[in-house]
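Structure assessment
Each chain, letter by letter, is given below.
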Amino acid sequence: MDYQKIIEKIYDEVKPLIEKGIVADYIPALAKTPANKFAMTVSTVNGEEFCVGDVDDNFSIQSISKVFTLTIAMNMIGDDLWKRVGREPSGNSFNSLVQLEYENGIPRNPFINAGAIVVSDAIFEGRGKTKNKILQFVREISGNNTLSFDEEVAESERIFGNKNRAMANFIKSFNNLNNLADDVLDIYFHQCSICMNTKDLAHSFLFLANKGINPKTGDIILGTRKTKRMNSLMLTCGLYDAVGDFAYRVGLPGKSGVGGGIVAVVPGELSVAVWSPGLNKYGNSLAGTKALELFTTYANNSIF
Ligand code: GLU
């Protein structure tokens, strides 16, 4: 398959969409991101890589980090995690508070903010230790030792994260948070602030295309059954409340973030990361979603 030719054609086709989306500004540090950016990387389990656009630009991965912390939690805690967080799509926005009250502080899934906050609590071993563990994990699976937190973004989230703070305290009132809300939020804000480019992101998700094994090192990152579950969760809950539309148009498990990144997985073959900061009304990259729709159309590689 000539992926290079395919992604170059996609780049041409999505150009009119690139500046049409809205860059997230509810986290003020993100609002500075130029709207005219686009990058796409395909990384195969056989070690090939195909790139187009601004692939060396780092961006804030935001909610995509929820896959990394969930991977750590699945390894650390196992099935007990599911006593504290559900596995169903929420049908509400990613930062919604309403469901939490009538569902007694048990978030619907680990990819909405409330669920990710519970996951960060579940892996908490101290602020410094946990942040370090997350960073080491992301460096290991991406193969890039220079990856880091963007302290400006993390601080901006801390200052303006009143809804997340409300959520964490609300969850704690239902006894579903073991640590102090501020300690857990420090982890959560930092994991969201991790900066990567699309090459790093595609590399980081390759284990999910390879039954949990990092194809570059042979290391088992997640067991086979857990990998199946992670991909299923991404398919059903990974794209906010536009997850049905994404499954309909793209047909791959994926995860998005309000920094404009989306990463998707073709099991057995490849991972594909795309970045364009302008978002649609659901918080997913506008050009990025279209690019992935065109990708599975031209490469005929949706899982369905
Ligand atoms: N840090 C962001 C927030 O909590 C993550 C949002 C996202 O990418 O979905 O609001």
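Read on for an overview of the structure. Within any chain, residue numbers begin from 1 and follow the written order of that chain's sequence. Per-residue local features of the predicted model are confined to residues with pLDDT of at least 70, and side-chain atom pairs are confined, for both listing and counting, to 80 or more; whole-chain, interface and lining totals are unaffected and use all residues. Working from all heavy atoms in the structure, the side-chain values ignore hydrogens and water.

1. A few points about the pattern of salt bridges
The salt bridge criterion pairs a side-chain nitrogen of Lys or Arg with a carboxyl oxygen of Asp or Glu, the two atoms within 4 Å. Evaluated as defined, the whole model comprises 16 salt bridges. In this structure, Arg84 and Asp121 form a salt bridge, with 2.5 Å as the shortest nitrogen-oxygen distance. You can see Arg84 sitting in the loop between helix H2 (65–77) and helix H3 (98–102) and its partner Asp121 sitting in helix H4 (residues 113–122), a full 37 residues away along the chain. There is no split in this pair, since Arg84 and Asp121 are both buried. Here Arg249 and Asp245 are joined by a salt bridge, their closest N and O atoms 3.2 Å apart. Residue Arg249 and its partner Asp245 are located together in helix H12 (residues 243–249), separated by 4 residues, close to a single helical turn. Under the DSSP-based scheme used, a helix requires at least four consecutive residues in state H or I and a strand at least two consecutive residues in state E, with every element numbered from the N terminus. Burial status follows relative accessibility: with a 1.4 Å probe on protein chains alone, a residue under 20% of its type maximum counts as buried, one over 50% as exposed, and anything between as partly exposed.

2. Details of the site of the ligand
Whether a residue is near a molecule or strand depends on its heavy atoms: if one lies within 4 Å, it is near. Close to the ligand lie 13 residues; Tyr26, Gln62, Ser63, Glu157 and Tyr240 are nearest. Any pair of N or O atoms that falls within 3.5 Å is considered a polar contact. Within protein, one atom must be able to donate a hydrogen and the other to accept it, and sequence-neighbouring residues count only if both atoms are side-chain atoms. Note that a nitrogen atom of the ligand is positioned 2.6 Å from one of the side-chain N or O atoms of Glu157. Residue Tyr240 places a side-chain N or O atom 2.5 Å away from an oxygen atom belonging to the ligand. With residues, only the protein chains shown are counted as cover, and all accessible areas are computed by Shrake-Rupley using a 1.4 Å probe. Protein contact buries 99% of the 290 Å² of open area that the ligand shows by itself. In this count, Pro and Cys sit with the nonpolar residues alongside Ala, Val, Leu, Ile, Met, Phe, Trp and Tyr, while Asp, Glu, Lys and Arg are called charged and the others, Gly among them, polar. Its residues assigned to classes, the shell around the ligand shows 7 nonpolar, 5 polar and 1 charged.

3. A look at the packing of H2 against helix H11 (residues 224–237)
Remark: H2 packs on H11, axes separated minimally by 11 Å, with the N-to-C direction vectors making an angle of 145 degrees. Helix-helix and strand crossings are classified by hand; for H2 and H11 the assignment is right-handed. Contacts between H2 and H11 involve Val67, Leu70, Thr71, Met74 and Asn75 from the former and Lys226, Arg229, Met230, Leu233 and Met234 from the latter. Its residues placed into classes, the contact of H2 with H11 shows 6 nonpolar, 2 polar and 2 charged. Axis definition: a line fitted to C-alpha atoms, over the contacting stretch in the case of helices. Angles run 0 to 180 degrees between N-to-C directions. We call a crossing left-handed when the near helix sits turned anticlockwise from the far one by less than a right angle, and right-handed when that turn is clockwise. Residue contacts are counted whenever heavy atoms from the two residues lie within 4.5 Å of one another.

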